[in-house]
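Next come the chains, spelled out residue by residue.
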Amino acid sequence: MKLLAIRTLVLIVLALLFLAGFTVFVGRYLHSAAAWAQHPSNRHFYQNGRLKETGTIYDRRGEILLETKDGVLTYHPEENIRTAIMHVTGDQDGNVASGMLKVMWEHLTGWNLLTGAYRYQDSLSATNDLTLTLDARLSALAYRELNGRKGAVGIYNYRTGEIICMTSSPSFDPQNPPDIQADPERYKGVYLNRLLSAAYTPGSIFKVVTAAAALETIPGIEERYYHCSGKILIGADTVTCLVPHGDVMLKDALAHSCNVAFAEIAGELGADVLQHYAELAGFNSRLTVNGIKTAAGRVDVKQAAPVELAWAGIGQYTNTANPLAFMVFMGSIANDGLSVSPAIIARENIFPALAKAEKRMLPEETAKKLKRMLRNNTLTVYGEHRFSGLELCAKSGTAEVGEGKEPHAWFAGFLDREDFPYAFVVVIENGCTGSRTAAAVAASVLHAAVDRYQ
Amino acid sequence: MNSFRESMQQVLQETAGSIYPLLTDLASQAANTYTLVARWLFPLLSLVILVRCLVPLIRERSTDTVWGYLVLANGTSIPVRNWENLIGRGKYADIVVNFPVISRSHAVLTFRNGSWTIADLGSKGGITVNDVKVDKAQEIQFGDVISLAGIDMALVPPVQNEALVPTGAAGNSGDTDEEKDFTLNSTVTLMLLFLFQVLAVVQLFASRASMTLAALPVFGIFFLTELFHYFIMRKLQSKSIELEILVYFLCGLNLALVASAAPSDLKKQLAAILIGIAAYTVITWLCLDLGRARRLKYLALVGGVLLLILNLAFGERIYGARNWINLGFITFQPLEFVKIAFVLAGTATLDRLLTTRNMTAFIAFTGACIITLALIRDFGTAVVFFGAFLVIAFMYSGDLRTLFLVTAGAAFAGIAVVTFMPYIAMRFAAWGKVWQYADSSGFQQTRTMIAAASGGLFGVGSGNGYLKNIAAADTDLVFGILCEEWGMLVALCVVLVIVFFVFYAVLLTKNSRSAFYAIAACGAATIFLLQTALNVLGSVDVLPLTGVTIPFISNGGSSMVASWGLLAMIRSAV
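*Asks:* Please clarify how the layout of surface pockets should be interpreted in this entry.
*Replies:* Any space left empty among the atoms is revealed by the rolling of a water-sized probe across them. What the largest pocket holds in volume is close to 1600 Å³. The wall of the largest pocket is formed by 46 residues, among which B:Ala382, B:Val383, B:Phe386, B:Gly387 and B:Ala410 lie closest to the centre. Mapped onto the lining of the largest pocket, the elements with two or more residues apiece are α2 (9-37) of chain A together with α9 (360-375), α10 (379-397), α11 (400-420), α12 (422-430) and α16 (515-539) of chain B. Of all the elements, α11(B) adds the most residues to the lining of the largest pocket, at 12 residues. Broken down by class, the residue content of the lining of the largest pocket amounts to 38 nonpolar, seven polar and one charged.

*Asks:* So what exactly am I meant to see when it comes to helix α5 (residues 266-288) of chain B here?
*Replies:* Since the α-helix packs 3.6 residues into each turn, any two residues three or four apart lie on the same face. An ideal rise of 1.5 Å per residue puts 33 Å on 23 residues; α5(B) measures up with 33 Å between its terminal C-alpha atoms. On its buried face, α5(B) sits against α3 (215-236), α4 (242-261), α6 (290-314), α7 (334-345), α16 and α17 (557-572) of chain B.

*Asks:* Mind showing me how you'd approach the pairing of strand β5 (residues 107-112) of chain B here?
*Replies:* All names here are of chain B. Summarising burial for β5: six of the six residues are buried, a large majority. Of the two faces of β5, the one lined by Ala-107, Leu-109 and Phe-111 and the one lined by Val-108, Thr-110 and Arg-112 are each fully buried. Examined bridge by bridge, strand β3 (residues 84-88) and β5 share four bridges and lie antiparallel to one another. Within β5, the position partnered with Glu-84 by the bridge is Thr-110. In this sheet, strand β6 (residues 115-120) lies alongside β5 in antiparallel orientation, the contact comprising six bridges. Residue Ala-107 lies in a different strand from β6, and its bridge partner there is Asp-120.

*Asks:* Quick question: what am I supposed to make of the packing of helix α9 (residues 207-217) of chain A against helix α14 (residues 364-382) of chain A here?
*Replies:* The description of two packed helices rests on the angle between their axes and on the distance between the axes. All names here are of chain A. As a packed pair, α9 and α14 sit with axes 10 Å apart at the nearest point and diverge in direction by 135°. Considering the angle they form, α9 stands oblique to α14. When you trace α9 past α14, the crossing you get is right-handed. Residues Val-208, Ala-211, Ala-212, Leu-215 and Glu-216 of α9 form the contact with α14, whose own contacting residues are Thr-366, Lys-369, Leu-370, Met-373 and Leu-374.

*Asks:* Whenever I open this one, the nonpolar core confuses me. Can you help?
*Replies:* One broad trend across soluble globular proteins is that nonpolar side chains are buried collectively. Residue and element names in this part refer to chain B. Core analysis: the largest hydrophobic core is formed by 300 residues, its most contacted members being Phe-501 and Trp-564. Ranked by residues supplied to this core, first place goes to α16 with 18 residues. Ignoring any residue separated from it by four or fewer positions in sequence, one finds Trp-564 in contact with His-229, Val-247, Tyr-248, Cys-251, Ile-273, Gly-276, Ile-277, Tyr-280 and Phe-552.

*Asks:* Looking at this model, I keep getting lost on the packing of aromatic side chains. Mind explaining?
*Replies:* The geometry of an aromatic ring pair is captured by two quantities: the separation of the ring centres and the angle between the planes. Under the definition given, this model contains 44 aromatic pairs over all chains. Both rings, one in A:Tyr158 and one in A:Phe414, keep their centres 6.1 Å apart while their planes meet at 80°; by these two values the pair is edge-to-face. With A:Tyr158 in the loop between β7 (151-157) and β8 (163-169) and A:Phe414 in strand β18 (residues 408-415), this residue pair connects regions lying 256 residues apart in the sequence. Note on A:Phe414: relative accessible area 0%, which makes it buried. Ring geometry for A:Phe206 versus A:Phe283: centroids 5.3 Å apart, planes at 80°, classification edge-to-face. Taken together, the positions of A:Phe206 in the loop between α8 (194-197) and α9 and A:Phe283 in the loop between α11 (259-280) and β13 (288-289) put the pair 77 residues apart, joining distant regions of the chain. Of the two residues examined, A:Phe206 and A:Phe283, each falls in the buried class. Grouped by ring-pair contacts, the aromatic residues A:Phe18, A:Phe22, A:Phe25, A:Tyr29, A:Trp36, B:Trp435 and B:Phe479 constitute a single cluster. The ring of B:Trp83 carries the charged tip of B:Arg513 above its face, separated from the ring centre by 5.0 Å.

*Asks:* I would appreciate a short explanation of the confidence of the model for chain B in the present structure.
*Replies:* Detailed reading of the predicted model is not advised wherever pLDDT is low. Residue and element names in this part refer to chain B. Scored by pLDDT, chain B comes out at a mean of 85, with 92% of its residues at no less than 70. Least confident of the elements in chain B is helix α8 (residues 350-355), whose mean pLDDT is 71; most confident is helix α14 (residues 478-486), at 96. Every residue in residues 161-183 scores below 50 in pLDDT, and together they form 28 contacts with partners more than four places removed in sequence or on other chains. Here the predicted complex carries an ipTM of 0.89, next to a pTM of 0.85.

*Asks:* Is there a simple way to think about the pattern of salt bridges in this case?
*Replies:* Once their charged atoms are close, side chains differing in charge can pair, the charge on each being opposite to the other. Residue and element names in this part refer to chain A. Using the criterion set out here, one finds 23 salt bridges over all chains in the structure. Linking Arg-159 and Glu-418 is a salt bridge whose minimum nitrogen-to-oxygen distance equals 2.7 Å. In this pair, Arg-159 is assigned in the loop between β7 and β8 and Glu-418 in the loop between β18 and β19 (422-428), connecting sequence segments 259 residues apart. Across the salt bridge formed by Lys-371 and Asp-336, the nearest N and O atoms sit 4.0 Å from each other. One end of the pair, Lys-371, is in helix α14; the other, Asp-336, is in the loop between α13 (323-334) and β15 (338-340), with 35 residues separating them in the sequence. Of the residues examined, Lys-371 reaches a relative accessible area of 14% and is grouped as buried. Residue Asp-336 is classed as partly exposed on the basis of its relative accessible area of 25%. A single salt-bridge network, built from bridges that share partners, covers Arg-61, Asp-135 and Arg-452.

*Asks:* Just checking my understanding: could you explain the sheet that holds β7(A) for this structure?
*Replies:* The strands making up a sheet associate through hydrogen bonds between their backbones, and the pairing can be parallel or antiparallel. Residue and element names in this part refer to chain A. Spatial ordering of the open sheet is given by β8-β7-β19-β18-β17, a layout of five strands whose pairing is antiparallel. Only two strands of the sheet have a single neighbouring strand rather than two, namely β8 and β17 (392-399). Each strand of the sheet is rotated relative to its neighbour by a mean of 5°, with strand direction disregarded. In this structure, β17 lies alongside β18, joined through eight bridges in antiparallel fashion. When the bridges of β18 are listed, Leu-392 appears paired with Leu-415. With respect to the sheet, helix α15 (residues 434-452) is in contact with β7, β8, β17, β18 and β19, its orientation differing from that of β18 by roughly 35°.

*Asks:* How should the interface of chain B and chain A be read in this particular structure?
*Replies:* With 71 residues of chain B in contact, the opposing surface of chain A contributes 40 residues. Together chain B and chain A conceal approximately 4700 Å² of surface at their shared face, both sides included; 74% is due to carbon and sulfur atoms. On the chain B side of the interface with chain A, the three residues burying the most area are B:Tyr92, B:Ala453 and B:Tyr466, jointly 12% of the side's total. There are zero salt bridges connecting chain B and chain A. In this assembly, chain B and chain A are joined by 16 residue pairs in polar contact (both at pLDDT 80 or more). Of all the secondary structure elements, the ones that give two or more residues to the side of chain B that touches chain A are α1 (2-60), α8, α10, α13 (443-455), α14, α15 (488-511) and α16 of chain B. At 12 residues, α16(B) tops the list of elements feeding residues into the side of chain B that touches chain A.

*Asks:* Would you mind going over unusual backbone geometry with me for this structure?
*Replies:* Keep in mind that most residues, glycine aside, have a negative phi and that most peptide bonds are trans. All names here are of chain A. Here Ser-169 and Pro-170 are connected by a cis peptide whose omega angle stands at 5°. Mapped onto the secondary structure, Pro-170 falls in the loop between β8 and α8. For Ser-257, which is not a glycine, the phi torsion comes out positive at approximately 55°. Accessibility expressed as a relative area gives 17% for Ser-257, which makes it buried. Residues other than glycine seldom take positive phi values, yet Glu-391 does so here, at roughly 50°. Of note, Glu-391 is situated in the loop between α14 and β17.

Rules used throughout
- Residue numbers run consecutively from 1 along every chain, following the written order of its sequence.
- For naming, the first written chain is A and the first written ligand is 1, with later ones following in the order written.
- Given that this is a predicted model, residues contribute local features only at a pLDDT of at least 70 and side-chain atom pairs are listed and counted only at 80 or more, while totals for whole chains, interfaces and linings are drawn from all residues.
- Heavy atoms throughout the structure, all of them, feed into the side-chain values; hydrogens and water do not.
- Method remark: on a 1 Å grid restricted to protein atoms, a set of points is classed as a cavity if a 1.4 Å probe fits but cannot get out and as a pocket if it is open with protein on both sides within 12 Å along at least five of seven lines; lining residues have an atom within 4 Å of a point.
- Grid points are joined across faces, edges and corners, and a volume is the space filled by probe spheres set on the points.
- Helix and strand assignments follow DSSP, with helices taken as H or I runs no shorter than four residues and strands as E runs no shorter than two, numbered in order from the N terminus.
- We call Asp, Glu, Lys and Arg charged. Ala, Val, Leu, Ile, Met, Phe, Trp, Tyr, Cys and Pro are nonpolar, and the rest, Gly among them, are polar.
- Working rule for helices: expected span equals 1.5 Å times residues minus one.
- Residue contacts are counted whenever heavy atoms from the two residues lie within 4.5 Å of one another.
- The classification of residues rests on relative accessible area computed with a 1.4 Å probe and restricted to protein chains. Under 20% of the type maximum is buried, over 50% is exposed, and intermediate values are partly exposed.
- Strand pairing follows a simple DSSP-based rule, namely that at least 2 bridges must link the two strands.
- Angles shown run from 0 to 180 degrees and are taken between the N-to-C directions of axes, each axis being a line fitted to C-alpha atoms and, for helices, limited to the stretch in contact.
- Note that the term roughly parallel is reserved for angles under 35 degrees, roughly antiparallel for angles over 145, roughly perpendicular for angles of 65 to 115, and oblique for everything else.
- The sense of a crossing depends on the near helix, which, turned anticlockwise from the far helix by less than a right angle, makes the crossing left-handed and, turned clockwise, makes it right-handed.
- Among the buried residues, those of types Ala, Val, Leu, Ile, Met, Phe, Trp, Tyr and Cys that are joined through side-chain atoms within 4.5 Å form a nonpolar core.
- Whether two aromatic rings pair depends on their centres lying within 6.5 Å, for rings of Phe, Tyr and Trp, where Trp uses its six-membered ring; planes under 30 degrees apart make the pair stacked, over 60 edge-to-face, and the rest tilted.
- Our definition puts a charge over a ring when NZ of Lys or CZ of Arg is within 6 Å of the ring centre and also within 35 degrees of the ring normal.
- One confidence number per residue, pLDDT, is output by the predictor and ranges from 0 to 100.
- Salt bridge, as used here, is a side-chain nitrogen of Lys or Arg placed within 4 Å of a carboxyl oxygen of Asp or Glu.
- Summed over both partners, buried area is the accessible surface (1.4 Å probe) that two parts give up on being assembled.
- Polar contact is defined as a pair of N or O atoms within 3.5 Å, subject to the rule that within protein one atom must be able to donate a hydrogen and the other to accept it, and that residues adjacent in sequence are counted only when both atoms are side-chain atoms.

Structure representation (structure tokens):
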């Protein structure tokens, strides 16, 4: 029998192989069960491919943004509101990857790894509800201000991290989805939340990053003058300004967005320093907003030729910026160099409630200097009368995106007010001059924000 | 008067009308609350039952029977623990006699039909009994002087037993204290199992499944059968009863799954369990006597071949494979029963293993089975047969090299099949990327995974699943129903029971009376394991999907009866 006992090893091997295979399954289960459960054919949650029941989503003022009534997903009663925040709630068919219906699916449906689809009495409880930090009406106003142009608007509290306004255009009424295929030009990238998931050429708003690097590394930069004759020759190429700015200091160069001065500064900084400060400002990395990963803005000047470095320093070349990430960078300037991670879901909704995460982007001294310069921009160029009472600090951008195309319009900054610690960003695709179009949207939305919470 | 009666009727109707929704509301509230609690109890009870069954089964192996002693001239006394003992100098010998003149595998000492026999394995030194040279084999008596290459020894009866009469039913180890301990344990375990199954029946009535009261007698008869079978087994034998309790556990789940997925099959499934228990009893009895069992082997071979022919001649196609026989009043799958014949065909006794390694009949029968399976396109079962063939053939011959060549050949044939059979190729095409084909060739696997994810650890409650609505889910995707309705923990318990059968067969081999029983037990356990592996791993896309059943769990009469038949092979080796 000993002989046979030895030969039974082959059975042990088979049993172990089976257990190994089963372990593979358990591993996949632990990793992907949430995704499996979300398949639209899962009748525990879906009827005809649409969610049967979810928790209710509220905005910061208690307005119901999304609920299920008798097995039907029901959005906000006002079309303009449900359209403006369609990217936040998500659409019925699950096309918006960053929408709450996708991101907070487990919370809203009550599914979890432990208890699966089981629900006591087949119904959800208040713990499945979700309160957002968002003000839906403010977002609707922002959407209206975009007036059909593609782009995004975001406002967040740079002390608490709460995003109070978020909208992305184009959008559609999620209650009555249109035929997207019928108008591909109008609905181009309609499922994309442009605030979170897009990255555009930044143009002149990037000069704030270059200025930060200069303040940190070039001694006496604030007292120096740069001469702008309207163009500068770098190698065989030229970098130009629309008008000659004459002799300008750093703060004037920023206010008037002088390309020549910033091209020179970029050359002085060198590729490594500019790269370093761009990465400190959040470029080349993704932010996470309650589990939603944003698109990363890109700066890569390691291999850049001198003229390319100059263009990079003024926000062109291959640079791209994610609107939300740039808003957070602006918030860090307002908050003495400390950036607060942005959130869209009210903290009490999340278990475990995480403390707000802070990260130092700039030294306090540099942040304060930049703040004064950005305030100076408003006072000397954008016009205080347009932003009266807001204590606005900002930078505009007009990003060239190629021959024959209108440039992207940017306007980003913050309010230097203790009672309204808001940082913001407005980007309009092919929106022309940032200080005009994007700034107008910003002025209207920011005034409304302050009025609503006065 | 008329108007009074009418108004009374109206009042009654209105009252009833308002009470009825109240009552149904109350009932559904109670049902929901029941599921809330019960779904935690099922995994807990499963784990307790599992542990309480495994521990005594593993412990029992440490007490084994001594049939006699081999006493050497120098006074050394070596216990004889099996009906077949390899005597020699080698490390695999059961009785090691370490003298240089003795061959590594010198002789086999065999107990058969009440007497002992010694057989020469072609040793250099030869054997004499009472100074008479043994040519091939020689029956011996207690006290005969046996000489292996001049080393004298004698077989003496065991000390404790007055007379050694191993009729088969006896397997007394004599350790009565421990047995009482087991008795107490197993009855409590059975009671826990009853609790589990009664809770399951109540859960079925509390669920969305349309259970009718007609299901109650089915479960009632099942409970009585378990009880009756248990006490009969306890009366008739002294072995641990936990092996049967584990199978009751599986059968209880099977009935619950059928009640949820295919209520109309419930009576048929109960009948299959009853027939299964009967078959189990008969086969166990037939196997008690080794001589009878060996004759049974040849009968099984003939019967197996007949079933194969029957299948090829009259087989009907249901869901892909043409493996059903319709007798008008009953349909069954003959190939399920061929499994029993197959295992028996592969058995042999130790002296046969060591002297004549003649596997021709077994190889021929395996070939016939696999060709039949290929013809009727049941490739999952073909893999099961082939895997079982490899295990049995290895235990038979120990020849890894030949088996490796056979496997390589089979792999080649397998590739050819995949290449030339579009139906199989499609299954392989989806393998590993079923989510890309979620609504076509990956339909069944993705739905199984969705069901598993919906069940979580504790399940949504028996009867509350949706996977059962898919065609043949109660056989091919039964693991998914188990995960969805009972939860991952109970599903894991089922998997562990099947894996335990394999380890149990391995444990039994060491102390088995005869190689015949050991090989049969290992063969049966291998079939259980391979079927479970193909079903479970196939339905969740770790392996390609093939339509085989999980023994004792899947809906299906033939599978249930055959599983009990194979279980008898394991039981006989105890």
